[in-house]
Amino acid sequence: LQVATDLGALEATDELVWDTGIVDTDQSLHFEYSGPSVQSRQRYHWRVKVWARGQESEWSEPAFWEMGLLDEADWVAEWITTTDPDEASVSGPSPYFRYAFPLNQGIRSARIYATSHGVYELYLNGLRVGDRVLAPGFASYNRRLPYQTYDVTDLLNVGENSIGAVLGDGWYRGFLGFPGDRNVFGTRLGLLLQLEVIYDDGKRARVHSDGMWRVTTGPILASDIYNGVTYDARAEMDGWSSAGYDDSSWFPVESHTDKRGDLVADLSPPVRRIQEVPPVKLLVGPSGETIVDMGQNLVGWVRLRAKGKRGTMIRLTHAETLDADRGLYTDNLRTAAQRDTYIMRGNVEEWFEPHFTFHGFRYVRVDGYPGELGLDDITGVVVHSDLKQTGNFDTSDPDINQLQHNILWSQKGNFLAIPADCPQRDERLGWTGDAQVFLPTASFNMDVAQFFTAWLHDLSVDQYDD
């Protein structure tokens, strides 16, 4: 293995940071870097060649990794929150944060380091930053708080820029666990964000969350992992994260002193929208309600298209199966509503996709839809940790193949940030017995090494001394 801080130095084999030489070993995986100390923000290029059965390979194509912020002193960002204390007993509106800033010359590279109490989405100059959802994920927030890194070089402009963030309750302070508890980790949502820019001439600029930011609420009236999202499109703020937006009616932020947990680089694979599933049929329930059959039990949400009058309220209720009367069966959900509500802006074709929640379902009851719902108006969005499928099992027996299909979809549904016991009712927790039993199968189906490494770090810090 050879490592260098410059790609040219790697290929010329001069100024190498680390060179293992030929290592006589039967270990071909998990060979850890053990060279000189690495530095915050530094990019390292590496390549490898192997000898096997007397034959020497060519050098691999160079790859790289980039270090995050390794020391507490690397962070100058301040935790910020809303000015008014949040109502802790119910799901409240999502806070929208923004800050405008100039950049005065050409940009070589730029990174955002960010995390939150709650879950967050980032925007830069009106565009979504990255494709993660439900970041920073489900963590042991009181002890280890993962932060995420984003390459935003192509999203910045010379001149005026604006950065924005939206927060939701998530696992941090939303309902969590079957007793109906809220605020398991804290009662105040907070944002920590640091943008670091390297100009073409090598000079650096830094923008970070502090008391100069502004905050307000918008169309997300409530968000909860179990109970879903209420979104009022009439309250949308066009251009709110773009430069030049007038935020004079917004409010000053407040310092968020409830910091909780050491900041650590995120090890877990991102949670993303992985695939889309079209519905297979529309059903009529016992009271004449419209029920959409997705044809597959999945975890995520639906994207809905509609056109109707301003203020029209559409409700989407999710369930895994139907009852004896062919209506939604929801008894197994216990207190988890699994319901998204969309209030229409009106008079134009609108698309709704919820924020800061996920559901386990095959069927969706659609109430209040204006006009006649068609199969083309709704799409299932499958969401889980982005894990590469590495194993496949196929036989001549269709029943066994269906069993393997079900197992794989169960893994997709329950591997969302943590290995959970179920994806639909008021639980969705990382019970260690479930994970232990399923781990060999999970490892056959998908590359789960990074996923479990991250979760086991959280598990270890939550263990009691005994």
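These numbers come from a predicted model, not from an experiment.

Caption draft 1: Representation of the overall build of the protein chain. The secondary structure content of the protein chain amounts to five helices and 33 strands. Compactness check: the protein chain gives a C-alpha radius of gyration of 24 Å against a globular reference of 23 Å for 466 residues, within 12% of the reference. The dimensions of the protein chain, computed from C-alpha atoms along their principal axes, are 75 × 65 × 50 Å. The contacts in the protein chain between residues at least 6 apart in sequence include a share of 76% that link residues at least 24 apart.

Caption draft 2: Quick peek at the layout of surface pockets. The volume enclosed by the second largest pocket comes to roughly 480 Å³. For the second largest pocket, the lining is made up of 16 residues, of which F138, F185, L429, G430 and D462 are closest to its centre. The dominant element in the lining of the second largest pocket, judged by the number of residues it contributes, is helix α5 (residues 449-462), at four residues. When the residues that make up the lining of the second largest pocket are grouped by side-chain class, the tally is 10 nonpolar, three polar and three charged.

Caption draft 3: Up close: the sheet that holds strand β6 (residues 63-66). Judged by pairing direction, the sheet is antiparallel, and its four strands sit side by side in the order β2-β1-β3-β6 without closing on themselves. In this open sheet, the two edge strands, each paired with only one partner strand, are β2 (18-19) and β6. The sheet contact formed by strand β1 (residues 2-4) and β2 spans two bridges and is antiparallel. By the bridge assignment for β2, V3 is matched with W18.

Caption draft 4: Structural detail: the packing of helix α3 (residues 398-414) against helix α4 (residues 432-445). At a closest axis distance of 11 Å, the pairing of α3 and α4 adopts a crossing angle of 95°. Classified by the interaxial angle, the pair formed by α3 and α4 is roughly perpendicular. Contacts between α3 and α4 pair Q404, I407, L408 and Q411 from the former with F438, T441, A442 and N445 from the latter. Class assignment for the residues of the contact of α3 with α4 results in four nonpolar, four polar and no charged.

Caption draft 5: Spatial organisation of empty space enclosed by the protein. Inspection of the entire model under this criterion finds two cavities of 30 Å³ or more. In this model, the largest cavity occupies a volume close to 230 Å³. P136, P146, D266, S268 and A417 are the residues nearest the centre of the largest cavity, which is lined by 25 residues in total. For the lining of the largest cavity, the elements supplying multiple residues, two or more each, are β12 (144-151), β21 (262-265) and α5. The greatest single-element share of the lining of the largest cavity, amounting to four residues, is contributed by α5. For the lining of the largest cavity, the class distribution of residues is 18 nonpolar, three polar and four charged.

Caption draft 6: Representation of the pairing of strand β3 (residues 43-47). Bridge count for β1 against β3 is three bridges, and the pairing is antiparallel. The partner of Q2 across the bridge, within β3, is R47.

Caption draft 7: Inspection of the sheet that holds strand β16 (residues 214-217) at higher detail. The strand order across the open sheet formed by six strands is β11-β10-β13-β8-β16-β19, and the pairing between neighbours is antiparallel. The two strands at the open ends of the sheet, each matched to only one other strand, are β11 (127-128) and β19 (251-252). As paired strands, strand β10 (residues 119-124) and strand β13 (residues 159-168) are joined by six bridges and run antiparallel to one another. Within the sheet, the bridge partner assigned to V119 lies in β13 and is G168.

Caption draft 8: Broad picture of the environment of A233. Residue position: A233 is located in the loop between β18 (228-232) and β19. A C-alpha to C-alpha distance of 49 Å links A233 and L7, two positions 226 residues apart in sequence.

Caption draft 9: Just the pairing of strand β9 (residues 107-117), in detail. Extensive coverage of β9 is indicated by the burial of 10 of its 11 residues. Across 10 bridges, β9 lies against strand β14 (residues 190-199) in antiparallel orientation. What sits directly across from R111, in β14, is E196.

Conventions used here
- Residues numbered from 1 in each chain as written.
- Predicted model: local features only at pLDDT ≥ 70, side-chain atom pairs only at ≥ 80, totals over all residues.
- Heavy atoms only, no water.
- Helix = DSSP H or I, 4+ residues; strand = E, 2+ residues; numbered from the N terminus.
- Rg over C-alpha atoms; globule rule 2.2 N^0.38 Å.
- Contact = heavy atoms within 4.5 Å.
- 1 Å grid on protein atoms, 1.4 Å probe; cavity = no way out; pocket = protein on both sides within 12 Å on 5 of 7 lines; lining within 4 Å.
- Points joined across faces, edges and corners; volume = space filled by probe spheres on them.
- Nonpolar A, V, L, I, M, F, W, Y, C, P; charged D, E, K, R; others polar.
- Pairing = 2+ DSSP bridges.
- Axes fitted to C-alpha atoms, helices over the stretch in contact; angles between N-to-C directions.
- Parallel < 35°, antiparallel > 145°, perpendicular 65-115°, else oblique.
- Buried < 20%, exposed > 50% of the residue type's maximum accessible area, 1.4 Å probe, protein only.

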